[in-house]
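Each chain is listed here by its residues.
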Amino acid sequence: MHDKYRYFTLSLCIAMPAAACDLPEKVVGETADPMADEPQDEEPPQDVPPQDEEPPQDVPPQDEEPPQDEEPPQDVPPQVDPPSEDPTIVAQIAGTLAVDDTWLFIGNGKIPYRVAKSGGAAEPVVSAESVADTGTIELIALDDTHVYWNASGGPSFGYQLLRAPKTGGEPTLVTSKLGPNHAVPTGIAVDADYVYLTQPDIYNDLPNGVVRRVPKAGGEALDLAQAFTLSVAVSDSYVYYARLADNKSDELVRADKDGGNPEVIASELGQILDVQVAGDRVFWNSSDAGAFIVRTALEGGATTTLYSETGAEYFAGAPAVTAGALYWLRGGGANVGGVLSVDIAGELSELVTAPASSPYSGFSGAYGTRIAADDTAVYWAYEGLQGGAPRIYRAAR
């Protein structure tokens, strides 16, 4: 306390009780500090902002891995077992046949089916609803990705050439263009870009018809030739078909794939029922007082008759053609029938004796064949018309 305040306070204390005037004693030697006895304001607390807790990082929650869209089921080809020398039943169904590396395709009624070549359940390639307004399948053909079929009749007069993915899906229309006198297709072939058709006028005494091609995805049809012919085949560069000559016997014609530069490569052949290309040869079968299977080179030249037979039970029908041999049905019903073969040297043999249908189910051999072959086996249909259930057989070549 400052001295002047001390004296003033002392003078006040003279009249007051002593206890009220207890004054702090001055410590000897203490330096007087006028502010020493003043109450020192406590240093106000520093306005230190509170250390905010580190805000939670805006870490996006670790979502559970979003569910992956289920991949559509892969069309895993089944394993193909080696064929037996004895015929085995592949499927309890029958119809016109085509085969690829894995599957056997069957045109049955309005629906194309596929079945594993070793056997199993027949799977429809399209739904029954999608082909309800179409006709009966008469021809069937394959490329790498699609199956093609000709359905004739149905609610509307005429036909529809349809295709669908081999793995299954919706059918799409390729063409329904009629030939002369409402002619429908009797022959079919497929290459990388086009479907080729023959449409003969089978109702007219004056033979007439057309060979045409259509883009595989559909589009405008191009007529390649005016000819009465039942079958057509294609190689890498050419199209082959029969044409009725002036002497009323067929001749075999080779032309560019747009129909240009037609050239007769064989003549006086009778009535050609079927033309096929395999390897570097073209094969055909004809009916003229008997049945004949003939071959020549793709460019023409000398012809070789591989087989001829006048017996009705040996009527060749449309053979399944491979590079090394041809196979055809000897129809005989449930108890008698089988598959005959001839190699390219002309050696005839009977592959198997088994139930078999007639080679064709339509006019004059015009419609789809009931036999097919691959590198290891032959497949054929028995439609059950002579007793027993419909079925498809397989046997080693």
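Structure report, in brief. (Residues numbered from 1 in each chain as written. Predicted model: local features only at pLDDT ≥ 70, side-chain atom pairs only at ≥ 80, totals over all residues. Heavy atoms only, no water.)

### Structural notes on the side chain of Thr186
This is how it is decided: Under the DSSP-based scheme used, a helix requires at least four consecutive residues in state H or I and a strand at least two consecutive residues in state E, with every element numbered from the N terminus. The term polar contact refers here to a pair of N or O atoms within 3.5 Å; inside protein, the definition further demands a hydrogen-donor-capable atom paired with an acceptor-capable atom, and it admits residues adjacent in sequence only when both atoms are side-chain atoms.
Here Thr186 is to be found in the loop between β9 (172–175) and β10 (187–190). Side-chain polar atoms of Thr186 contact the backbone oxygen of Leu230, separated by 3.1 Å.

### Side note on the packing of aromatic side chains
Worth spelling out the cut-off: Think of it this way: a Phe, Tyr or Trp ring, Trp meaning its six-membered ring, pairs with another when their centres are within 6.5 Å, and the plane angle makes it stacked under 30 degrees, edge-to-face over 60, tilted otherwise. Type-normalised accessible area, obtained with a 1.4 Å probe on protein chains alone, sets the label of each residue: buried when under 20%, exposed when over 50%, and partly exposed for intermediate values.
For the structure on display, the rule yields three aromatic pairs. Residues Tyr307 and Trp328 carry aromatic rings whose centres are separated by 4.9 Å and whose planes lie at 40° to one another, so their mutual orientation is tilted. One end of the pair, Tyr307, is in strand β21 (residues 304–309); the other, Trp328, is in strand β23 (residues 325–330), with 21 residues separating them in the sequence. Both residues of the pair, Tyr307 and Trp328, count as buried. With centroids separated by 5.5 Å and ring planes inclined at 20°, the aromatic side chains of Trp380 and Tyr393 adopt a geometry described as stacked. Of this pair, Trp380 sits in strand β27 (residues 377–382) while Tyr393 sits in strand β28 (residues 391–396), and the two are 13 residues apart along the sequence. Accessibility classification places Trp380 together with Tyr393 in one group, the buried group.

### Notes on the nonpolar core
What counts, and what does not: By convention a nonpolar core is built from buried Ala, Val, Leu, Ile, Met, Phe, Trp, Tyr and Cys residues, the set being connected through side-chain atoms within 4.5 Å. Two residues form a contact once any of their heavy atoms are found within 4.5 Å.
The biggest cluster of nonpolar side chains holds 30 residues, and the ones touching the most others in it are Leu104, Trp149 and Ile392. Elements with a contribution of two residues or more to this core: β1 (88–91), β2 (96–99), β3 (103–108), β4 (111–116), β6 (136–142), β7 (146–152), β8 (159–165) and β27. Setting aside anything within four residues of it in sequence, one finds Ile392 in contact with Thr88, Ile89, Val90, Ala91, Ile93, Ala94, Leu97, Leu104, Ile106, Trp380 and Ala381.

### Topic: the sheet that holds β3
We apply this condition: A pair of strands is treated as paired once DSSP finds two or more bridges between them.
Pairing in this open sheet of four strands is antiparallel, and the strands run β2-β3-β4-β5 from one edge to the other. With one partner strand each, in any of the chains shown, β2 and β5 (123–124) form the two edges of the open sheet. As paired strands, β4 and β5 are joined by two bridges and run antiparallel to one another. Along β5, the bridge assignment pairs Tyr113 with Pro124.

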